[in-house]
Amino acid sequence: AERLSEITNTAGPVDATEELWGECCSIWKQMEECQRKLMLLGTETMLPSDAKLSLLMLQWKALTAECRQWQAKNPEIISTNPDVLLELGKEELQKIKNDLEMMLSAVRLKNKNLEEDLKREKQWYEEQKHMLDTITEIEEEANTQVGPPSTERESNEVKNKILKLKAFKKEILSAFILFLDEHFPPIEKGENTKNKNSSAESDVELISLKEILEKLINKVIATPHEPYLTINESFWPPYIELLLRYGIALRHPQDPNRMRLQPFYK
């Protein structure tokens, strides 16, 4: 009633205001009467279970019949005054406009995120295409060459170099793993709880630096277009600081809880 009275104050004519105010007062009196009846029903004495069930069934039937009547009833217009209806229509249109503006903002934000994802996907596609074209060119050059003894000798030399590189890679990886196991061993549970006041943190099993590096490398290989790894509670903060400080890993520019391996291969 207060909202409608405010609207009618701006509508203009005094008779429209008085007419709408009278209708609102009448509706308000009907609501008070219904509320009074409901309060009287709520203060009834508790009946035995059988009688109470019968009463509830009767109330349910009455409410069902009333619901059907409301469904079949056409909505009544609060007022037939054109000035009042005009103001109500303006207010409703303003609400719809605000809702549509909020929806438009959400859609634009979603489109922006989709455009960023599409840009990353295109970049990853171009990298893969470039790599495939390079491999195809190398394969075509190898197929177009005639096979004299010199070519076979060069092929054997290339195979030997590849085998040496694989052996050197295996040796480097073994030395790297030994270095990590010696200087950065797995964290014991006692070290995890040291200088910690929270009992919840002591239940988290921390992973070693070697496992963190393996996760970063696997993430780059599995999804090169999205190489960032989410940092969880199993990552020991000193290890994260170590990787970031010495340039082995990089944080996400917008999310500090994600990091990736430094792209040394670029």
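For clarity, every value in this text was computed on a predicted model and none was experimentally measured.

K.L.:
Mind showing me how you'd approach the overall build of the protein here?
P.N.:
A tally of regular secondary structure across the protein gives eight helices and three strands. Taken from N to C terminus, the helices and strands of the protein fall in the order α-α-α-α-α-α-α-β-α-β-β. Counting all 266 residues of the protein, 15% fall into the buried class. A separation threshold of at least 6 residues defines the contact pool for the protein, and within that pool the share at least 24 residues apart is 58%. For the protein, the exposed area adds up to about 21,900 Å²; of that, 59% sits on carbon and sulfur atoms.

K.L.:
I tried to follow the packing of aromatic side chains on my own but got confused; where do I start?
P.N.:
Aromatic rings in a pair are described by how distant their centres are and how their planes are angled relative to each other. Summed over all chains, the structure comprises one aromatic pair. Cation over ring: Arg260 sits above Tyr228, and NZ or CZ is 5.9 Å from the ring centre.

K.L.:
Just to check I follow, could you spell out the nonpolar core for this structure?
P.N.:
Note that soluble globular proteins tend to have their nonpolar side chains buried in a common cluster. Among the nonpolar cores identified, the biggest contains 19 residues, and Leu209, Ile212, Leu216, Phe235, Leu243 and Met259 are the most heavily contacted of them. Elements represented by at least two residues in this core include exactly helix 7 (209-222), helix 8 (237-245) and strand 3 (258-261). Here the element with the most residues in this core is helix 7; it accounts for five residues. Apart from residues no more than four positions distant in its own chain, Leu243 is found in contact with Leu209, Ile212, Leu213, Leu216, Ile248, Ala249 and Met259.

K.L.:
I keep staring at the pattern of salt bridges and nothing clicks. Help me out?
P.N.:
As a working rule, side chains carrying opposite charge can pair if their charged atoms are close by. Going through the model one piece at a time under the given rule, you end up with four salt bridges. Its salt-bridge partner being Glu226, residue Arg120 comes within 3.3 Å of it at the nearest N-O pair. Separated by 106 residues along the polypeptide, Arg120 in helix 4 (residues 82-144) and Glu226 in the loop between helix 7 and strand 1 (229-230) bring together distant segments of the chain. On the basis of relative accessible area, Glu226 is assigned to the partly exposed category, the value being 21%. Here Glu226 makes a salt bridge to Arg258, at a shortest N to O gap of 2.6 Å. Taken together, the residues Glu226 in the loop between helix 7 and strand 1 and Arg258 in strand 3 connect sequence positions 32 residues apart. Connected via shared salt-bridge partners are Asp117, Arg120, Glu226 and Arg258.

K.L.:
I tried to follow the packing of helix 7 against helix 8 on my own but got confused; where do I start?
P.N.:
When two helices pack together, their arrangement is given by the angle between the helix axes and the distance between those axes. Put simply, helix 7 and helix 8 touch, their axes get as near as 10 Å, and they point 55 degrees apart. Judged by the angle between their axes, helix 7 and helix 8 are oblique. Classified by chirality, the crossing of helix 8 by helix 7 is right-handed. Between helix 7 and helix 8, the residues in contact are Leu209, Ile212, Leu213 and Leu216 and Tyr239, Leu242 and Leu243, respectively. Across the contact of helix 7 with helix 8, the residue classes tally to seven nonpolar, no polar and no charged.

K.L.:
Quick question: what am I supposed to make of the sheet that holds strand 1 here?
P.N.:
What holds strands together in a sheet is hydrogen bonding between their backbones, with the strands either parallel or antiparallel. Spatial ordering of the open sheet is given by 1-3-2, a layout of three strands whose pairing is antiparallel. Of all the strands in the sheet, the pair left with one neighbour each is strand 1 and strand 2 (249-251). Examined bridge by bridge, strand 1 and strand 3 share two bridges and lie antiparallel to one another. Residue pairing for strand 3: Leu229 is matched across the bridge by Met259. Helix 7 contacts strand 1, strand 2 and strand 3 of the sheet and is inclined by roughly 80 degrees relative to strand 3. Contacts between helix 8 and the sheet are confined to strand 2 and strand 3, with strand 2 contributing the most and set at about 100 degrees to the helix.

K.L.:
Just checking my understanding: could you explain the pairing of strand 3 for this structure?
P.N.:
Within a regular beta strand, the side chains point alternately toward one face of the sheet and then the other, so they alternate between its two faces. The pairing of strand 2 with strand 3 spans three bridges and is classified as antiparallel. Of the residues in strand 3, the one forming a bridge with Ala249 is Leu261. Between strand 2 and strand 3, which pair antiparallel in sequence order, lie six residues.

K.L.:
In this structure, what is going on with the confidence of the model for the protein? I would like to understand it.
P.N.:
Close inspection of predicted coordinates is inappropriate for parts of the model with low pLDDT. Summary statistics for the protein give a mean pLDDT of 77 and a share of 78% for residues scoring 70 or more. Low pLDDT, under 50, characterises residues 1-11; the predicted model gives this stretch 19 contacts beyond four residues in sequence or across chains. Considering only residues more than four positions removed or in separate chains, one finds that residues 193-201, a stretch of pLDDT under 50, has three contacts.

K.L.:
Help me understand a negative patch on the surface, please; the structure alone is not making it clear to me.
P.N.:
Together, Asp133, Glu137, Glu139, Glu140 and Glu141 give the surface a local cluster of negative charge. With respect to the element layout, Asp133 can be found in helix 4.

K.L.:
Looking at this model, I keep getting lost on helix 8. Mind explaining?
P.N.:
Because an α-helix completes one turn every 3.6 residues, residues spaced three or four positions apart along the sequence face the same direction. Those residues of helix 8 that fall on the buried side of the exposure criterion are Tyr239, Ile240 and Leu243. The arc enclosing the buried residues of helix 8, seen along the axis, measures out at 100 degrees, which places them on a common side. Along helix 8, exposed side chains directed more than 90 degrees from the buried face belong to Pro237 and Arg245. Its buried side turned inward, helix 8 meets helix 7, strand 2 and strand 3. Gly247, located one to two residues past helix 8, shows a positive phi value of around 75 degrees.

Criteria and cut-off values
Residues numbered from 1 in each chain as written. Predicted model: local features only at pLDDT ≥ 70, side-chain atom pairs only at ≥ 80, totals over all residues. Heavy atoms only, no water. Helix = DSSP H or I, 4+ residues; strand = E, 2+ residues; numbered from the N terminus. Buried < 20%, exposed > 50% of the residue type's maximum accessible area, 1.4 Å probe, protein only. Contact = heavy atoms within 4.5 Å. Areas by Shrake-Rupley, 256 points an atom, 1.4 Å probe, with all protein chains shown as cover. Phe/Tyr/Trp six-rings, centres within 6.5 Å; stacked < 30°, edge-to-face > 60°. Lys NZ or Arg CZ within 6 Å of the ring centre and 35° of its normal. Core = buried A, V, L, I, M, F, W, Y, C linked by side-chain atoms within 4.5 Å. Salt bridge = Lys/Arg side-chain N within 4 Å of Asp/Glu carboxyl O. Axes fitted to C-alpha atoms, helices over the stretch in contact; angles between N-to-C directions. Parallel < 35°, antiparallel > 145°, perpendicular 65-115°, else oblique. Left-handed = near helix turned anticlockwise from the far one by under 90°. Nonpolar A, V, L, I, M, F, W, Y, C, P; charged D, E, K, R; others polar. Pairing = 2+ DSSP bridges. pLDDT = per-residue confidence, 0-100. Patch = residues over 30% accessible without salt bridge, like charges linked within 9 Å, V, L, I, M, F, W, Y side chains within 5 Å. Lys, Arg positive; Asp, Glu negative; His and termini not counted. Charge placed at Lys NZ, Arg CZ, Asp CG, Glu CD. Arc of directions from axis to C-beta.

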